[in-house]
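Examining the three-dimensional arrangement
Single-letter residue listing:
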Amino acid sequence: MTPEEFRRLGHELVDWIADYRERIDELPVMSPLGPGEVKARLPATPPEEGGSLDAIARDVEELIRPGITHWNHPRFFAYFPSNTSLAAVLADLVASGFGAQAMSWQTSPAAAELEEVVMDWLRQMLGLPATFTGVIHDTASVATLCALLEARERATRYSQEEGGLQESPVPLTIYASAEAHSSVEKAARLAGFGQDHVRAIPTDDAHALRLDLLAEAIQRDRDAGRRPAALVASIGTTATTAIDPLAGMAEIAGRQDLWLHVDAALAGCAMILPECRPLWRGIERADSLVVNPHKWLGVGFDLSAYFVRDVPHLLRVMSTSPSYLRTAEDPAVRNYRDWGIQLGRRFRALKLWFLLRDQGVRGLQARLRRDLANARWLQEEVDATPGWERLAPVPLQTVCLRHVPARLAQDEKAIDQHNLALAERINRGGRAYLTSALLKGRRMIRVSIGSELTERAHVEALWQLLRDTAAALP
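Residues numbered from 1 in each chain as written. Predicted model: local features only at pLDDT ≥ 70, side-chain atom pairs only at ≥ 80, totals over all residues. Heavy atoms only, no water.

Turning to the pattern of salt bridges, a few remarks are in order. Counted according to the given criterion, the structure contains 27 salt bridges. Note that Asp120 is salt-bridged to Arg123, the shortest N-O span being 2.8 Å. Taken together, the positions of Asp120 and Arg123, both in helix H5 (residues 109-126) and three residues apart, correspond to about one turn of that helix. Across the salt bridge formed by Arg210 and Asp212, the nearest N and O atoms sit 2.7 Å from each other. Since its relative accessible area comes to 33%, Arg210 is described here as partly exposed. Judged by relative accessible area, which is 37%, Asp212 ranks as partly exposed. A network of salt bridges, in which partner residues are shared, links Arg23, Glu61 and Arg65. (Salt bridge = Lys/Arg side-chain N within 4 Å of Asp/Glu carboxyl O. Helix = DSSP H or I, 4+ residues; strand = E, 2+ residues; numbered from the N terminus. Buried < 20%, exposed > 50% of the residue type's maximum accessible area, 1.4 Å probe, protein only.)

Moving on: the side chain of Ser288. Along the polypeptide, Ser288 turns up in strand S6 (residues 288-291). Judged by its relative accessible area of 0%, Ser288 falls in the buried class. In this structure the side chain of Ser288 is engaged in a polar contact, spanning 3.0 Å, whose partner is the side chain of Trp259. Of note is the side chain of Ser288, whose polar atom sits 2.8 Å from the side chain of His261. Not counting residues up to four positions away in its chain, the partners in contact with Ser288 are Ala147, Trp259, Leu260, His261, Val262, Tyr306, Phe307 and Val308. (Polar contact = N/O pair within 3.5 Å; in protein donor to acceptor, adjacent residues only side chain to side chain. Contact = heavy atoms within 4.5 Å.)

Of all seven residues making up strand S11 (residues 442-448), six are buried, and the element is well covered by its neighbours. Here strand S9 (residues 398-403) pairs with S11 via four bridges, running antiparallel. Bridge pairing links Leu401 to Ile445 in S11. As paired elements, strand S10 (residues 435-439) and S11 share five bridges and run antiparallel to each other. Bridge pairing links Leu438 to Arg443 in S11. (Pairing = 2+ DSSP bridges.)

What follows covers a negative patch on the surface. On the surface, Glu12, Asp15, Asp19 and Glu22 cluster together to form a negatively charged patch. Take Glu22: it is sitting in helix H1 (residues 3-23). (Patch = residues over 30% accessible without salt bridge, like charges linked within 9 Å, V, L, I, M, F, W, Y side chains within 5 Å. Areas by Shrake-Rupley, 256 points an atom, 1.4 Å probe, with all protein chains shown as cover. Lys, Arg positive; Asp, Glu negative; His and termini not counted. Charge placed at Lys NZ, Arg CZ, Asp CG, Glu CD.)

Taking 1.5 Å of rise per residue, 16 residues should cover 22 Å, and helix H6 (residues 140-155) covers 22 Å from first to last C-alpha, within 8% of that figure. Most of H6 sits inside the fold, with 13 of its 16 residues counted as buried. (Expected span 1.5 Å × (residues − 1).)

A word on the packing of aromatic side chains. Scanning the model with the defined rule gives nine aromatic pairs in all. When the centroid spacing of 5.4 Å and the interplanar angle of 50 degrees are considered together, the rings of Trp71 and Phe80 count as tilted. Taking the relative accessible area as the measure of exposure, Trp71 reaches 28% and is therefore partly exposed. Relative accessible area serves as the criterion here: at 26%, Phe80 is assigned to the partly exposed category. In this structure an aromatic cluster arises from ring pairing among Trp71, Phe76, Tyr79, Phe80 and Tyr433. For the cation-ring pair, Arg316 lies above Tyr158, with the distance from its terminal atom to the ring centre recorded as 3.5 Å. Stacked on the ring of Trp353, the Lys or Arg Arg357 has its end atom at 4.9 Å from the ring centre. (Phe/Tyr/Trp six-rings, centres within 6.5 Å; stacked < 30°, edge-to-face > 60°. Lys NZ or Arg CZ within 6 Å of the ring centre and 35° of its normal.)

The subject of this paragraph is the sheet that holds strand S4 (residues 227-234). Judged by pairing direction, the sheet is mixed, and its seven strands sit side by side in the order S1-S7-S6-S5-S4-S2-S3 without closing on themselves. Each edge of the open sheet carries a strand with a single partner, namely strand S1 (133-137) and strand S3 (198-201). Each adjacent strand pair in this sheet contributes to an overall mean axis angle of 20 degrees, direction not counted. Pairing between S1 and strand S7 (residues 304-308): five bridges, direction antiparallel. The residue of S7 that forms the bridge with Thr133 is Val308. Packed onto the sheet, H5 meets S1, S6 and S7 and runs at close to 80 degrees relative to S7. (Axes fitted to C-alpha atoms, helices over the stretch in contact; angles between N-to-C directions.)

Take the environment of Gln410 next. On the secondary structure map, Gln410 appears in the loop between S9 and helix H12 (412-429). The exposed category is assigned to Gln410, whose relative accessible area is 79%. Between the C-alpha atoms of Gln410 and Leu128, which are 282 residues apart in sequence, the distance is 48 Å.

Turning our eyes to something else, we now look at the layout of surface pockets. Its volume calculated, the largest pocket comes out at about 940 Å³. Considering the residues around the largest pocket, the lining is formed by 32 residues, among which Trp16, Ile17, Arg21, Thr84 and Val89 are closest to the centre. Those elements giving two or more residues to the lining of the largest pocket turn out to be H1, helix H3 (56-64) and helix H4 (86-98). Residues of the lining of the largest pocket, tallied by class, amount to 20 nonpolar, eight polar and four charged. (1 Å grid on protein atoms, 1.4 Å probe; cavity = no way out; pocket = protein on both sides within 12 Å on 5 of 7 lines; lining within 4 Å. Points joined across faces, edges and corners; volume = space filled by probe spheres on them. Nonpolar A, V, L, I, M, F, W, Y, C, P; charged D, E, K, R; others polar.)

We now examine the side chain of Thr398. Mapped onto the elements, Thr398 comes out in strand S9. Looking at Thr398, its side chain comes within polar contact range of the side chain of Gln397, at 2.7 Å. With sequence-adjacent residues up to four places away left out, Thr398 is seen in contact with Ala239, Thr241, Pro393, Arg446, Val447 and Ser448.

Here it is, written out as structure tokens:
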């Protein structure tokens, strides 16, 4: 492809993206296609000859777009917000145009230094003290794995530099809420702790970790000859956005010499609002934390922000320095290949830079405050409407609810089936997209508010749709 051909096709695709975003409200939120339908429309063998991009915009529209669930749709209320602002789209285009490999300062100085700058901007926006330093990862799952690797090496005095866990006579244990994200257990397994040494601590009525049961679990492990190594606090659990008691957990971590990692993947975005920061009181005592700007803020997947207080420890755990990667500038710069698992790194910092230049801190704050207000409105409607129940507090933007028809009031199994059917009918109808989940054995519907395009009218329409659909179910 020549630059001139790129210019022509690029303009065509940018126009297609702009048209798609303008009409996204008209599309069914969840893809209506079934398994195998996209694959059946595509050739079974690769093209022998090139030059087939002239019709690419048409093919994207006809072959790909029908198989997309539209995460930026204003009536997307499933999972979690995953906004990709148009500014971030442009940044991805520029980053791909550069084709930069951002593993070291020398491989692209602008990538390394822009990441250093925007991560400190983000630190300031979140109200974190200057004792924290940030690095960009792809997802919170990888950041949590890095945190547990750091915890493992601190607890074993850098066993990886010798025989590793295979020579350790004392099992290490990890503690997290029973409502913690599945990535915590996965990271513990990958880091070598073993699933049997992950303690899921029961939660209270607000679905937050119970400090008394945490203390008891730690003592049981010590009495059994195990070594407690790490504690993961969930600030905004996946199911309900429950807030673990971070200040109390920090006290226990300090007394017990535990690594304290804070998973604030979604909820951390809210900390750009000063009024939300009491939710993570005690954050200054964490050893590490993760926030995902690619969720609620709109940076576009993937960009996960990992902050640590002890950079030399992180570098000792993560860095390797083969001769072919060393440069004369190394003592004076940050080589982000040494700050995580990946050697090769994309130029992700460009997306955060573009977003902040486009919307500014105040613009982002206004949008998040809008979403919080919309969640409070829905909470009040659910609480005031007979036949509807809210199953969790609403500290942020997720409302957990269910419909309980009078005829089913004494049959929990039937209530679960009714609410599952309710969510599925709405999703298949295309007018909104929701996810259901189990919360302490009860089926609920999660309404996660936070799409960049979602206004009060969309939330009001969803609430009406929920009531109408529930009334129509047999």
